[in-house]
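Each chain is listed here by its residues.
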Amino acid sequence: MCWQCDHPGASWQDYLDHLRELLELHCWIVQGVQRARHRASYAYTIGLAGHGRPELVVTGMPYDRAVALLNAVAAHVVHAEAPRPGEVVPLRGGPVIEIVRVAEPGAHLAVAAALNGPRFSALQLVYADDRGRWPWDVGFRGGRGGQPVLGARATGSPRVGGRRP
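Computed from a predicted model, the values in this text were never measured in an experiment.

Draft legend 1. How the structure looks around the pairing of strand E6 (residues 122-127). In terms of burial, E6 is a largely internal element, 6 of the 6 residues being buried. Side chains Ala122, Gln124 and Val126 of E6 all project onto a buried face; the interleaved residues Leu123, Leu125 and Tyr127 project onto the opposite face, where all are buried too. Sheet topology note: the strand E3 (residues 55-59)/E6 ladder contains 3 bridges and is parallel. Following the sheet pairing, leucine 56 is matched in E6 by leucine 123. The pairing of strand E5 (residues 96-101) with E6 spans 5 bridges and is antiparallel. Within E6, the residue paired with isoleucine 97 across the bridge is tyrosine 127.

This is the structure we're talking about:
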């Protein structure tokens, strides 16, 4: 169950206040957005912008895997330089991801926008499928709803670890 389902009489402001309390205890939190009809589910961080970092988002991945991925990358980002758009990162024990700058973060990360204000940046962690194909490749296997990409790929992609292969 989600917090809003567990608190049916609560307002939007009550929910935001609850999240602010969580952010006082934790550096960031992960917000999930359920799949709806043909729109893929997605999840994103809230709180990294408060530390001068971009928020992170992943689309089309089951919630538990998305949370694990976002938490792992956020733990790195909060203590180091954020990956750059176009960078391809093979994650230990996880998928290969390419970083894409989210074109309109406030349009997709509504709760982050409500807490951060309209001006914040976000990076999408776009992942390859089990055959190494990307959402922009023919034959990509993306599951129900696919993996929508929320921005344009960086010019000259891909780069592995900041370098071109």
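Draft legend 2. The side chain of glutamine 31, seen in detail. Tracing the backbone through its elements, the reader meets glutamine 31 in strand E1 (residues 29-33). In this structure glutamine 31 comes out as buried when scored by relative accessible area, which is 13%. A polar side-chain atom of glutamine 31 sits 2.6 Å from a polar atom in the side chain of tyrosine 15. Residues within four places of glutamine 31 in sequence aside, it is in contact with Tyr15, Leu19, Tyr42, Ala43, Tyr44, Ile46 and Val111.

Draft legend 3. Quick peek at helix H2 (residues 12-25). Look at H2: 21 Å from first C-alpha to last across 14 residues, which is about the 20 Å you get at 1.5 Å a residue. Turning to H2, its buried residues are Tyr15, Leu16 and Leu19. An end-on view of H2 places all buried positions within 95° of arc, on one side of the element. Summarising the geometry of H2, the exposed residues directed more than 90 degrees from the buried face are Glu21, Glu24 and Leu25.

Draft legend 4. Structural context of the layout of surface pockets. Reported here for the largest pocket is a volume of approximately 580 Å³. Secondary structure elements with two or more residues in the lining of the largest pocket: helix H1 (3-6), H2, E1, strand E2 (42-46), helix H3 (63-77) and helix H5 (110-116). Tallied by class, the residues present in the lining of the largest pocket amount to 18 nonpolar, 7 polar and no charged. The volume enclosed by the second largest pocket comes to roughly 350 Å³. Ala72, Val73, Val89, Leu91 and Ile97 are, among the 19 residues lining the second largest pocket, the residues nearest its centre. Those elements that place two or more of their residues in the lining of the second largest pocket are H3 and strand E4 (87-90). When residues of the lining of the second largest pocket are assigned to their parent elements, the largest contribution, 6 residues, is made by H3. Partitioned by chemical class, the residues of the lining of the second largest pocket number 11 nonpolar, 3 polar and 5 charged.

Rules used throughout
Residues numbered from 1 in each chain as written. Predicted model: local features only at pLDDT ≥ 70, side-chain atom pairs only at ≥ 80, totals over all residues. Heavy atoms only, no water. Buried < 20%, exposed > 50% of the residue type's maximum accessible area, 1.4 Å probe, protein only. Helix = DSSP H or I, 4+ residues; strand = E, 2+ residues; numbered from the N terminus. Pairing = 2+ DSSP bridges. Polar contact = N/O pair within 3.5 Å; in protein donor to acceptor, adjacent residues only side chain to side chain. Contact = heavy atoms within 4.5 Å. Expected span 1.5 Å × (residues − 1). Arc of directions from axis to C-beta. 1 Å grid on protein atoms, 1.4 Å probe; cavity = no way out; pocket = protein on both sides within 12 Å on 5 of 7 lines; lining within 4 Å. Points joined across faces, edges and corners; volume = space filled by probe spheres on them. Nonpolar A, V, L, I, M, F, W, Y, C, P; charged D, E, K, R; others polar.

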